[in-house]
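If you want the building blocks of each chain, they are given just below.
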Amino acid sequence: MKKYLVLITLMMGQFISICAQDNLSQSLGNLTSKDWDGKRLELLTSYGKVRIYFVDEGIVRVHTVKSDFKKDFSYAVVEQTANPKVEFSQNRGFLELKSSLIRVQITERPVRISFYSSDGQLLNEDDPSFGTSWIGNEVTTYKTLQPNEKFIGLGAKTGGLNRFGSAFVHWNTDNPNYQTYSDPLYTSIPFYMGIVNQNVYGIFFDNTWQSRFNFGASNDRFSYFSADGGEMDYYFFHSKSVANIIDLYTQLTGRMNMPALWTLGYQQCRWSYTPDTDVLNVAKTFRSKQIPADVMYLDIDYMDAYKIFTWHPKNFSNPKQLLTDLKEMGFHTTVIVDPGIKVEKGYHAYEDGLKKNLFAVYPDGTPFTAQVWPGWCHFPDFTNPEARLWWGNLFGGYVDLGIEGFWNDMNEIATWGQQVPSLVQFGWEGKKTTYLEAKNMYGMQMARSTFEGTRKLLNGKRPFVLTRAGFAGLQRYSALWTGDNQAHDEHMLLGVRLVNTLGLSGISQVGYDVAGFIGNATPELYSRWISLGAFSPFFRGHTAKNTVRSEPWSYGEEPEAIAKKYISFHYNLIPYIYSAFKQSTQSGLPVQRSLAIDYTFDEKIFRPAFENQYLFGPAFLVAPVTSDQKAVEVYFPEGKWYNLYDDRMIEGNHEQFVEAPLHRLPVFVKGGSIIPMQSVVQNTNEKPDETLEMHVYNGKQSEPYSWYDDDGSTYEFEKGCYYQRNIVFDDKAKSLVISKVEGSFAGRFTNIRFVMHGFGDELKDLKSDNKKISFDNSVTFIDILNDGKKMDNLRIFTIENTENQINITW
């Protein structure tokens, strides 16, 4: 055996020697020296240097350069304070770093890196021949493909749930006519997860140059990730589940802020509602038809000649009155802002930005100029701290009028011609770089500038920032939408997959334009899409010029009735959705969840027939279906599942065809779930009825549920002004325990009506804190969704919502 090992070593040495003479491609060489300082391992090789250290027990950073380390700066990564316990050892031919979760093994001749679980299972390894390699300035890390390995995530990418066999480019692109397999799109999140041998790992490539990820496309040997320039700087994650990996990733790149409650409501947009009377008429129609809504958008036509921070002198001549009227009807207003500053003498934003040298420039110092909606424009350099501060202060006029929502568009950067010269320069926090490195980061830094500025101006209120472009870490500043989609079934389903995979990438407040931005939706398509939107984290209808109007009443009586029903049910679910967002702020777990999060090792969820299915929060299984399908095959993962509309119970681990009439989106509830619901309100400023409905679904697999509330608009929750209770359903103990209230926020509900599903006659001798409880026959919010048809066998009872622990037994 030793003879063969020597032979292999000699062959590898000869191979490295040959590669060293091949200047077309050069990989990391043999180890020549090492330095371990107790936290960080630095390696010098015959070609290149490597720095490896644990950020946390489950996060390893691998930083590789050809010559000297220059980069230790990242817009994506937030400061880390953990001090993980790491063991270092040197063995014959390899080095090893080990935490409680990951073992890193580094071979010496040549330097190649492998990652193992704590129990010794291989997770991921460098290709032994190529490892990390350079072709000119392009840097690539090649990874061995393992049998049956799957790849998920990677942000706003089209295609299937499993990325195996596909390749993708990260290069933020204004792609208004994207198709089912178009790439790239508007946002770049170079983070993916691998699933192999009942284990999960993650890799985040922290490089903003144009990058590529290949998961076995056009080869059967390796996967790889590469960038046109910059350094090979990636983080490796491992833990026991996909949810834990997302937790680690959002620990590294930051978590979203608690959203304002009004941003969870329905939002109506069009390019454009103009003049101001059109905006008011739409808002009034929502109220007269009693279709709930919270937000009206103003697209670019509210401006004077498309100049941001201005108002059209004729069509929006009195913005203060318009915004006052909308506020009195319970509407918040969100305005669009593009980065292009029109080159025009006398225009304040242009004159001031030019005077202060705050625009991106050519190498000779003159401002870069390109055409967008206003004509020739300059573009703020959002990688300059002074420009970010300046930009944020420009929102003062909007805030003074009462605006709290700010929609950042065209920030890829989008220009007419779509070809920004590569030599355009940016400050990059004083380090200076070109568009080649700055492009993918531009949109996120615009969103950051908007968020930081408006948060300061709003004096304690939470701003809403929405962006089209971004990079890893954008969740710290902004919500996201999937860009300019099209009005057809394929795009409806694609939007679902995009939101699912963005959730895998740490983005929770994300959605699509309901009914499609480009083209004309049919009444059937609108009906199906609006019902799907009701089970999405960001619920907005939006259409372009020269398309049919797309308000709920625009398609006829039946689509309007369907829209009203599902939008209303979305408002019933506000306590549930808000609690799910709270979880996102704490663990990064998204509101809309790919089945790969909870059922990672179930092969069936990756089938094309089922890959669109998702969980909305922890309880609802949503099975998207096209507008012309009357039935659909649904896969039910392990556990018990209840039909939302009639409570019929379905055992998991099998497929089943279910009816899907246009007025009934296939939705199911997981056994063991707890779902708080409120009465319908016309907007989130309205106070719901004093009784909260708490729906409890019988099942053996139940996890503690956290019900969360606060004032919905300020940051007082950071000082302890919130309302939180943990609810535990124990099937074996036959009990339901609601913990004592945590936090100082006064609860919104004086009573709790429990609606018990699937219990039948089990609920004998029902008591609350040893006091006997009687059942009632109330109409529930699900009955209303079900056109007033009551479900059989529900057990309903109401108790007072005290602040103390509540113990219900049977």
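Chains are numbered independently. Their residues run from 1 in the order of the written sequence. Local features in this predicted model are restricted to residues of pLDDT 70 or higher, and side-chain atom pairs are both shown and tallied only at a pLDDT of 80 or more, whereas totals for entire chains, interfaces and linings draw on every residue. Side-chain measures were taken over the full set of non-hydrogen atoms in the model, leaving aside hydrogen atoms and water.

### Structural notes on the side chain of T383
So, step 1. Helix numbering and strand numbering both begin at the N terminus, where a helix is a DSSP run of H or I of at least 4 residues and a strand a DSSP run of E of at least 2. Checked against the element boundaries, T383 lands in the loop between β26 (375-378) and α6 (385-393).
So, step 2. For T383, the side chain forms a polar contact with the main-chain nitrogen of W428, separated by 2.7 Å.
So, step 3. Once residues lying within four places of it in the same chain are set aside, the contact partners of T383 are Y75, R388, F426, G427, W428 and E429. The term polar contact refers here to a pair of N or O atoms within 3.5 Å; inside protein, the definition further demands a hydrogen-donor-capable atom paired with an acceptor-capable atom, and it admits residues adjacent in sequence only when both atoms are side-chain atoms. Whether two residues touch is decided by their heavy atoms; if any such pair falls within 4.5 Å, the residues are in contact.

### Describing the confidence of the model for the protein chain
So, step 1. For the protein chain, mean pLDDT is 95; residues scoring 70 or higher make up 97% of the total.
So, step 2. For the stretch residues 1-21, pLDDT sits under 50, and the model shows ten contacts to residues farther than four places along the chain or on other chains. Here pLDDT means the predictor's own confidence in every residue, given as a number from 0 to 100.

### Focus on the sheet that holds strand β44 (residues 674-677)
So, step 1. We treat two strands as partners when DSSP finds at least two bridges between them. In space, the four strands of this open sheet follow the order β44-β45-β49-β52, with mixed pairing throughout. Whereas interior strands pair on both sides, the edge strands pair on one side only; in this sheet they are β44 and β52 (795-800). Between one strand axis and the next, the sheet turns through 20° on average, direction left out of account.
So, step 2. To get an axis, fit a line to the C-alpha atoms, keeping to the stretch in contact for a helix; angles then go from 0 to 180 degrees between the N-to-C directions. Each of β44 and β45 (691-697) touches helix α12 (residues 574-587); the most contacted strand, β44, lies at about 120° to it.

### Here we look at the packing of helix α11 (residues 557-572) against α12
The geometry of a pair of packed helices is captured by two quantities: the angle between their axes and the separation between those axes.
So, step 1. Packing of α11 against α12 leaves a shortest axis separation of 5 Å and a crossing angle of 55°. In terms of orientation, α11 and α12 fall into the oblique class. Facing H570, Y571 and N572 of α11, the residues of α12 in contact are I574, P575 and I577.
So, step 2. Residues are grouped as follows: Ala, Val, Leu, Ile, Met, Phe, Trp, Tyr, Cys and Pro are nonpolar; Asp, Glu, Lys and Arg are charged; all remaining types, including Gly, are polar. Here the contact of α11 with α12 is composed, by residue class, of four nonpolar, two polar and no charged. Here roughly perpendicular refers to angles of 65 to 115 degrees, roughly parallel to angles under 35, roughly antiparallel to angles over 145, and oblique to all remaining angles.

### Some details on empty space enclosed by the protein
So, step 1. A cavity here means a set of 1 Å grid points, computed over protein atoms only, where a 1.4 Å probe fits but cannot escape. A pocket is an open set with protein on both sides within 12 Å along at least 5 of 7 lines, and lining residues have an atom within 4 Å of a point. Grid points are joined across faces, edges and corners, and a volume is the space filled by probe spheres set on the points. This model, assessed by the stated rule, comprises six cavities of 30 Å³ or more.
So, step 2. Approximately 200 Å³ is the volume found for the largest cavity.
So, step 3. The wall of the largest cavity is formed by 20 residues, among which N257, Y477, S478, A479 and Q509 lie closest to the centre.
So, step 4. Taken together, the residues of the lining of the largest cavity sort by class into twelve nonpolar, six polar and two charged.
So, step 5. Within this model, the second largest cavity holds a volume of roughly 130 Å³.
So, step 6. Forming the walls of the second largest cavity are 14 residues, and the residues nearest its centre are L261, I574, Q678, D709 and R748.
So, step 7. Looking at the lining of the second largest cavity, the elements with two or more residues in it are α12 and β46 (705-709).
So, step 8. Of the residues belonging to the lining of the second largest cavity, the class tally is nine nonpolar, two polar and three charged.

### Structural notes on the environment of S226
So, step 1. Among the secondary structure elements, S226 is positioned in strand β19 (residues 222-227).
So, step 2. Residue S226 is classed as buried on the basis of its relative accessible area of 2%.
So, step 3. Once the C-alpha coordinates of S226 and N207 are considered, the two residues, 19 residues apart in sequence, prove to be 9.1 Å apart.
So, step 4. Apart from the residues within four sequence positions on either side, S226 is in contact with V139, T140, F205, Q210, S211 and R212. A simple rule labels every residue: compare its accessible area, found with a 1.4 Å probe on the protein chains alone, to the largest value its type can have, and call it buried under 20%, exposed over 50%, or partly exposed in between.

### Digging into the pattern of salt bridges
So, step 1. Within this document, salt bridges are pairs made up of a side-chain nitrogen of Lys or Arg and a carboxyl oxygen of Asp or Glu, the two lying within 4 Å of each other. Here the structure, examined in full by the defined rule, presents 42 salt bridges.
So, step 2. Between R388 and E429 there is a salt bridge, and its shortest N-O distance comes to 2.7 Å. Taken together, the residues R388 in helix α6 and E429 in the loop between β28 (425-426) and β29 (433-434) connect sequence positions 41 residues apart.
So, step 3. A residue is classified by how much of its surface remains accessible, and R388, at 8% relative accessible area, is buried.
So, step 4. You can call E429 partly exposed: its relative accessible area is 23%.
So, step 5. R462 serves as the salt-bridge partner of D711, at 3.7 Å between the closest nitrogen and oxygen. In this pair, D711 is assigned in the loop between β46 and β47 (723-730) and R462 in the loop between α8 (435-457) and β30 (464-467), connecting sequence segments 249 residues apart.

### A short note on α11
So, step 1. By this rule, a helix spans an expected 1.5 Å times one less than how many residues it contains. Look at α11: 22 Å from first C-alpha to last across 16 residues, which is about the 22 Å you get at 1.5 Å a residue.
So, step 2. Counting buried positions along α11 yields twelve of 16 residues, so the element is predominantly enclosed.
So, step 3. Within the sequence span of α11, burial applies to P559, E560, I562, A563, K565, Y566, I567, S568, F569, H570, Y571 and N572.
So, step 4. Structurally, α11 contributes buried residues whose contacts are with α10 (523-533), α12, β44 and α14 (781-785).

### A word on the sheet that holds strand β9 (residues 111-117)
The strands making up a sheet associate through backbone hydrogen bonding, with each pair oriented either parallel or antiparallel.
So, step 1. In space, the five strands of this open sheet follow the order β6-β7-β8-β9-β10, with antiparallel pairing throughout. If you trace the sheet from one side to the other, it starts and ends with β6 (87-91) and β10 (122-125), each paired once. For this sheet the average axis-to-axis angle between neighbouring strands, irrespective of direction, equals 20°.
So, step 2. Across seven bridges, the pairing between strand β8 (residues 102-108) and β9 is antiparallel. Note on β9: the bridge partner recorded for Q105 is S114.

### Let's talk about the packing of α10 against α11
So, step 1. Where α10 meets α11, the axes come as close as 9 Å, and the angle between the chain directions of the two elements is 5°. As judged from the angle between their axes, α10 and α11 are roughly parallel. Between α10, through P523, Y526, S527, I530, S531 and G533, and α11, the contact on the second element is made entirely by P559, I562, A563, Y566, I567 and H570.
So, step 2. Broken down by class, the residue content of the contact of α10 with α11 amounts to eight nonpolar, four polar and no charged.

### Re the pairing of β45
So, step 1. When you tally the buried positions in β45, you get seven out of seven residues, the bulk of the element.
So, step 2. Neither face of β45 is left uncovered, since the one carrying T691, E693, H695 and Y697 and the one carrying L692, M694 and V696 both have all their residues buried.
So, step 3. Here β44 runs beside β45; their pairing, made up of four bridges, is antiparallel. Residue pairing for β45: P676 is matched across the bridge by M694.
So, step 4. Pairing geometry for β45 and strand β49 (residues 751-757), over seven bridges, is parallel. Bridge assignment links H695 to a residue of β49, and that residue is V755.

### Looking at the nonpolar core
So, step 1. Grouping buried Ala, Val, Leu, Ile, Met, Phe, Trp, Tyr and Cys residues that are joined through side-chain atoms within 4.5 Å yields what is termed a nonpolar core. Membership of the largest hydrophobic core comes to 219 residues, with the highest contact counts inside it found for F535, F620, L644 and F754.
So, step 2. Element by element, the count of residues in this core is highest for α8, at eight residues.
So, step 3. What F535 contacts, discounting residues up to four positions off in sequence, is Y566, F569, L573, Q592, Y614, F616, F620, V622, L644, L665 and V667.
So, step 4. In terms of nonpolar packing, the next biggest core, distinct from the first, is built from 38 residues, I106, F151, V196 and Y234 among them.

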